[in-house]
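Chain by chain, the residues run as shown.
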There are 2 protein chains.
Amino acid sequence: MQSLWLENQSLSLRDVPRPAKPGEALIRVRLSGICGTDLELARGYYPYTGVIGHEFVGEVVEAQDKTWIGKRVVGEINAVCGECEQCRNDRPTHCEKRTVLGIVERDGAHAEYLSLPVANLHRVPDSVPDEAAVFTEPLAAALEIQQQVHLQPTDRVLLIGAGRLGQLIAQTLALTGCDLRVVARHPHQKQLLESRKIRLITEDEIQPRRWDVVVEATGSPSGFELARRAVCPRGVLVLKSTYRGEASVNFSSLVVDEITLLGSRCGPFAPALRLLENRQVDPTALIAARYPLAKAIEAFEQARQPGMLKVLLET
Amino acid sequence: MQSLWLENQSLSLRDVPRPAKPGEALIRVRLSGICGTDLELARGYYPYTGVIGHEFVGEVVEAQDKTWIGKRVVGEINAVCGECEQCRNDRPTHCEKRTVLGIVERDGAHAEYLSLPVANLHRVPDSVPDEAAVFTEPLAAALEIQQQVHLQPTDRVLLIGAGRLGQLIAQTLALTGCDLRVVARHPHQKQLLESRKIRLITEDEIQPRRWDVVVEATGSPSGFELARRAVCPRGVLVLKSTYRGEASVNFSSLVVDEITLLGSRCGPFAPALRLLENRQVDPTALIAARYPLAKAIEAFEQARQPGMLKVLLET
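Remember, it's a predicted structure, so these values are computed and weren't measured experimentally.

Details of the interface of chain B and chain A
As a measure of interface size, the accessible area lost when the parts come together is often cited.
Move 1: Each side of the interface is counted separately: chain B has 43 residues, and chain A has 43 residues.
Move 2: Between chain B and chain A, roughly 3,900 Å² of surface is buried when both sides are summed, and carbon and sulfur atoms account for 48% of that area.
Move 3: Looking at the side of chain B facing chain A, the largest losses of area belong to B:Phe251, B:Val255 and B:Glu258, adding up to 17% of the total buried there.
Move 4: Our count for the contact surface shared by chain B and chain A stands at 10 salt bridges.

Okay, structure coming up:
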């Protein structure tokens, strides 16, 4: 089958065998999405070799439980052992032996087919089109913030970054009724937010030490510095991006201001699908381009452009 | 009056006027305690000039409300404006205009007298001796951890550091019923913990990625590194010490492991006094030496010795 292969920080189209993992489901990919983590992986963020891609919607073509066959599904990306310390303590996304679709020792979604345990699959409601369902994984990651932080309707919340993931975070945060402002850099990012009545703020307008919760979604040192200045004493600063290397942090000021610094990664699929089904979020406006899998290299080039939103691959 | 004066990182005994702040209470200090923050201030942690010291028990000698006169008291160290953003949002210890006893623009407790707003004072129950009451402030700081983190009885909790503050943290954490282990360096620190049936652990015995909550109370980079290795995915790492300068942190690993990094400072006095009154904690075993205020310089020299516990000054 055709796939997009990553090796030594180099992407190439490659013909590889269909995945065949005993006990798992085989899924024909219908759409896959290019994520910031894909771009970072291709730049060497993590030494991965294999088919990349982890955002997808597809159709089950093989499974031990035949009732799954023909079903349209999305899939959680962490395949877990079920037996380790983390799995036994209800932290399966942190399984010590996990493989991760298109990220850690498991061929991914930018391919004609992928394999995942049936336990990872979620049926997509009929009313949710492929173009929305393909956003389930990043939407779940956005919801992980609310899974970790009790967002109160009275909270002042600042989101820094309005890219691929930032737009979804803005939409989910806006549902909480909190007093949300978003720092966006690019005109079309701003337009998308404004079209949903989500309020923008410029860096100059941000009052220091005033924001109960600040979500840093740029992955950049300057984004973190801005977030650190903005968060109020006893506030929460959520790290919600793919970061590279070490960062310098002033521990003394974290202690004096009693700041909570919180790392946030994969989130829950079921509520993400509920929000899509109920049309409470609309990710489809984020779609910047669609390419056939055969043009995946060009698709990645476009996805790398500054401010670019979602580029999809279709197979 | 006699006082211990800090200026340009140099301590000296100095005769200064009694503090006289309109509307505040004047307190004759009976005992004051030398804290790690005092030692850091004297090393230039923060550019403070004035009388240092913030842990004390004393007796009210002047106050507008005469019912306070003659009462034995301890005092919260942050004197606040009551009107700023932080005060109005129930974060008075983070008041933007706060002065802090012996730390920020307010003469402190290593003196014959000190001044504080009456609102800062707490009466000491008769059954609590001065030698215990003088620990109210650091005991409150220890309790701030439970104020910030929901410690569950099933949690595995690791405390790194068993010095002045660490011993009090160990005693308060032990009350939660959690599975507590403490890393202590010095023999007498270990003996104190063992005498209260608090279990020790060596660095080599610490399983990585296994501890729900890790409290870093050493203030050292090696303590943080150990804490970071020990904390489990989705765990909480509490920064509970006086830190100097910038520290290097791997944001990518904080995100992947979804770690909460939490700064912790001043805590609630009322529950600290309850624990002292009920003899649920016993800080007096921490007293290593008592000096008259006139020998405060020698007292600080002793307090600086590695592993030294509490040195008190009496006036």
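A word on the environment of A:Val73
Move 1: Here A:Val73 is to be found in strand E6 (residues 72-75).
Move 2: Distance from A:Val73 to A:Asp155, taken between C-alpha atoms, is 35 Å for residues 82 residues apart in sequence.

Thoughts on the sheet that holds strand E16 (residues 260-263) of chain A
Pairing between sheet strands relies on hydrogen bonds along the backbone, with the strands arranged either parallel or antiparallel.
Move 1: Pairing within the open sheet is mixed, and its 10 strands lie in the order E12(A)-E11(A)-E13(A)-E14(A)-E16(A)-E16(B)-E14(B)-E13(B)-E11(B)-E12(B). Both edges of this open sheet fall to strand E12 (179-183) of chain A together with strand E12 (179-183) of chain B, since each of them pairs with a single strand only. Sheet twist, expressed as the average angle between the axes of neighbouring strands with direction ignored, equals 15°.
Move 2: Note that strand E14 (residues 231-239) of chain A and E16(A) share 4 bridges and pair parallel. By the bridge assignment for E16(A), A:Leu239 is matched with A:Gly263.
Move 3: Lying on the sheet, helix H5 (residues 164-174) of chain B is in contact with strand E11 (156-160), E12 and strand E13 (211-216) of chain B; it crosses E11(B) at an angle near 170°.

Focus on the environment of A:Ile160
Residue and element names in this part refer to chain A.
Move 1: With respect to the helices and strands, the residue isoleucine 160 is situated in strand E11 (residues 156-160).
Move 2: As a C-alpha pair, isoleucine 160 and serine 220 span 60 residues in sequence and 10 Å in three-dimensional space.
Move 3: Residue contacts for isoleucine 160: discarding those within four places in its chain leaves Val183, Val214, Val215, Glu216, Ala217, Thr218, Gly223, Leu226 and Ala227.

What to know about the domain arrangement of chain A
Residues and elements named next belong to chain A.
Move 1: One can read the domain layout of chain A as domain 1 (2-135 + 283-314) and domain 2 (142-263).
Move 2: A separation of 27 Å is found between the C-alpha centroids of domain 1 and domain 2.
Move 3: Domain 1 puts 18 residues into the contact, and the matching count from domain 2 is 13 residues.
Move 4: With both sides pooled, the region where domain 1 packs onto domain 2 buries about 1,300 Å², and carbon together with sulfur makes up 59% of that total.
Move 5: For domain 1, the biggest contributors to the area lost against domain 2 are Leu286, Gly307 and Leu309; these three give 39% of the whole.
Move 6: Along the contact surface separating domain 1 from domain 2 lie 1 salt bridge.
Move 7: Note that arginine 244 is salt-bridged to glutamate 40, the shortest N-O span being 2.7 Å.

Considerations on the sheet that holds strand E2 (residues 10-15) of chain A
Residues and elements named next belong to chain A.
Move 1: The 3 strands are arranged E2-E1-E4 in an open sheet whose pairing can be described as antiparallel. Every other strand in the sheet has two partners, leaving E2 and strand E4 (50-51) as the edge strands with one partner each.
Move 2: Relative to E4, strand E1 (residues 2-7) runs antiparallel, the two sharing 2 bridges. Across the sheet, the residue bridging to tryptophan 5 is valine 51, located in E4.
Move 3: Sheet strands in contact with helix H10 (residues 296-303) are E1 and E2, and its direction is about 155° off that of E2.

A word on the relation of the copies chain B and chain A
The two chain copies are connected by a rotation around an axis plus a translation along it.
Move 1: Superposition of chain B onto chain A requires a rotation of 180° combined with a translation of 0.0 Å along the rotation axis, giving an RMSD of 0.0 Å. Such a turn and shift between the copies fits a two-fold axis.
Move 2: A share of 100% of interface residues in chain B that are also interface residues in chain A marks the association as one of identical surfaces.

Thresholds, definitions, all that
- Residues numbered from 1 in each chain as written.
- Chains lettered and ligands numbered in written order.
- Predicted model: local features only at pLDDT ≥ 70, side-chain atom pairs only at ≥ 80, totals over all residues.
- Heavy atoms only, no water.
- Contact = heavy atoms within 4.5 Å.
- Buried area = accessible area lost by both parts, 1.4 Å probe.
- Salt bridge = Lys/Arg side-chain N within 4 Å of Asp/Glu carboxyl O.
- Helix = DSSP H or I, 4+ residues; strand = E, 2+ residues; numbered from the N terminus.
- Pairing = 2+ DSSP bridges.
- Axes fitted to C-alpha atoms, helices over the stretch in contact; angles between N-to-C directions.
- Domains from an automatic or database assignment.
- Least-squares fit on C-alpha atoms with pLDDT ≥ 70 in both.

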